[in-house]
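Structural overview for review
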Amino acid sequence: MIGLPSTITACLFDLDGVLTSTAALHLRAWRQTFDDFLRQRSGEDFVPFTERDYAAYVDGLPRLDGVRTFLAARGITLPEGSPDDRADTPTVHGVGNHKNELLLRIISESGVTPYPGSVRYLEAVRDAGLAIAVVTSSANAASVLAAAGLDRFTQARIDGIVISRDRLRGKPAPDSFLAGARVLGVEPANAAVFEDAQAGVRAGRAGRFGYVVGVNRADQADALRAQGADIVVDDLADLLEVSR
C-alpha cells in the first residue's frame, strides 16, 4: 500500500525538497551568492534574487546550469572559467564555487534533516520490495544522504558528480532519471519519479516514466500538475493513504 500503480517496481527520488529539507538551504546559498554577485556588479541598485527566481531558473538544475540560466534571465553572460576558479572569480565556475562553499558552510552549521514522512515512505517502499535510487543534480548528495541517515535505503545514486562525469544533460532533460533506471535494471515504464521541482517533473514526463509524483513543498501544486505530474502530494507519507 504505497500509492503507486502495480506495474511500478522501482522508485527514483530527487533529494533536496523530496527526501530532505536541504532545498531551503540551497535557496539560502543561492540567494546570498547571487545577491553578492549582483551587488558587486550593480551596487546598491541591484535587484535581489528571489524565491520566484529560484523556482524558475535554478531549482532542480545542475549547479552550473543554474548559474547560466539565472544570469541569462538578467541579461548577464559570464565566461565559463575552470572548475578550480576561486569563489570571487567572475566566471560561471567561480559563481558556482561560491554557492557550493556557502552551502557546505550552511549544512555544517544547520545539519541535514530528513522529512519524517519521507523516511516513513522509504521504509514502506523498501518493505514492499521495490528498488530505490536517488537522482539529484547535487554534487553533495553522498554526504547529505549520509548525514541524514538515508543512504541505508538506496541501491543507486545518480548525482551531480555522475552527471558531469558521464556528460548527462541536466533536468528538465530526462537523462539522469534514465541513468538511474538503467543502474537499477528497470524500464522507465516500470519506475516512478518523485520530484518537487518543475524541471524534475518535466524530466520524469519526458522520460516516459510509469508514474510521476509531484511533491508540493513550495506552494506550486498547479504548476507541478501542469508540468506532467500524475499526482501531487504535500508529503510522501500522504501516498500511504492512497489506495490503488
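The text that follows walks through the structure, step by step, so that each part is easy to find. (Residues numbered from 1 in each chain as written. Predicted model: local features only at pLDDT ≥ 70, side-chain atom pairs only at ≥ 80, totals over all residues. Heavy atoms only, no water.)

Glancing now at the layout of surface pockets. Left-over empty space is what a probe sized like a water molecule reveals as it rolls over the atoms. If you add up the space inside the largest pocket, you get close to 400 Å³. Taken together, 18 residues line the largest pocket, and the ones lying closest to its centre are Pro 62, Arg 63, Leu 64, Gly 160 and Ser 164. Looking at the lining of the largest pocket, its residues break down into seven nonpolar, seven polar and four charged. Approximately 300 Å³ is the volume attributed to the second largest pocket. Looking at the second largest pocket, it is lined by 17 residues, and the ones nearest its centre are Glu 51, Tyr 54, Asp 59, Arg 217 and Ala 218. Listed by contribution, the elements that provide at least two residues to the lining of the second largest pocket are helix 1 (22-42) and helix 2 (51-58). Across the lining of the second largest pocket, the residue classes break down as nine nonpolar, three polar and five charged. (1 Å grid on protein atoms, 1.4 Å probe; cavity = no way out; pocket = protein on both sides within 12 Å on 5 of 7 lines; lining within 4 Å. Points joined across faces, edges and corners; volume = space filled by probe spheres on them. Nonpolar A, V, L, I, M, F, W, Y, C, P; charged D, E, K, R; others polar. Helix = DSSP H or I, 4+ residues; strand = E, 2+ residues; numbered from the N terminus.)

Leu 4, Phe 13, Leu 19, Tyr 121, Phe 194, Val 213 and Leu 236 are the most contacted members of the largest nonpolar core, which totals 38 residues. Dropping the residues within four chain positions of it, Phe 194 is found in contact with Leu 4, Cys 11, Leu 12, Phe 13, Asp 14, Val 18, Tyr 121, Val 213, Leu 236 and Leu 239. In this structure, Leu 12, Val 135, Ile 163 and Leu 168 belong to the second largest nonpolar core, which totals 19 residues. (Core = buried A, V, L, I, M, F, W, Y, C linked by side-chain atoms within 4.5 Å. Buried < 20%, exposed > 50% of the residue type's maximum accessible area, 1.4 Å probe, protein only. Contact = heavy atoms within 4.5 Å.)

The buried fraction of strand 4 (residues 191-195) is high, at five of five residues. Side chains Ala 191, Val 193 and Glu 195 of strand 4 all project onto a buried face; the interleaved residues Ala 192 and Phe 194 project onto the opposite face, where all are buried too. Where strand 1 (residues 10-13) and strand 4 come together, four bridges link them in parallel fashion. Bridge pairing in strand 4 links Cys 11 to Ala 192. Pairing of strand 4 with strand 5 (residues 211-215) involves four bridges; the strand directions are parallel. Bridge pairing in strand 5 places Val 193 opposite Val 212. Chirality of the crossover, the property in question, places the unit of strand 4, helix 9 (residues 198-206) and strand 5 among those that are right-handed. (Pairing = 2+ DSSP bridges. Right-handed = clockwise from strand over helix to strand, strands pointing away.)

What follows concerns helix 9. Within the span of helix 9, buried status applies to Ala 199, Gly 200, Val 201, Ala 203 and Gly 204. Lining the buried residues of helix 9 we find helix 8 (175-184), strand 4, strand 5 and helix 10 (221-226). Remark: Arg 208 follows helix 9 within two positions and exhibits a positive phi of approximately 55 degrees.

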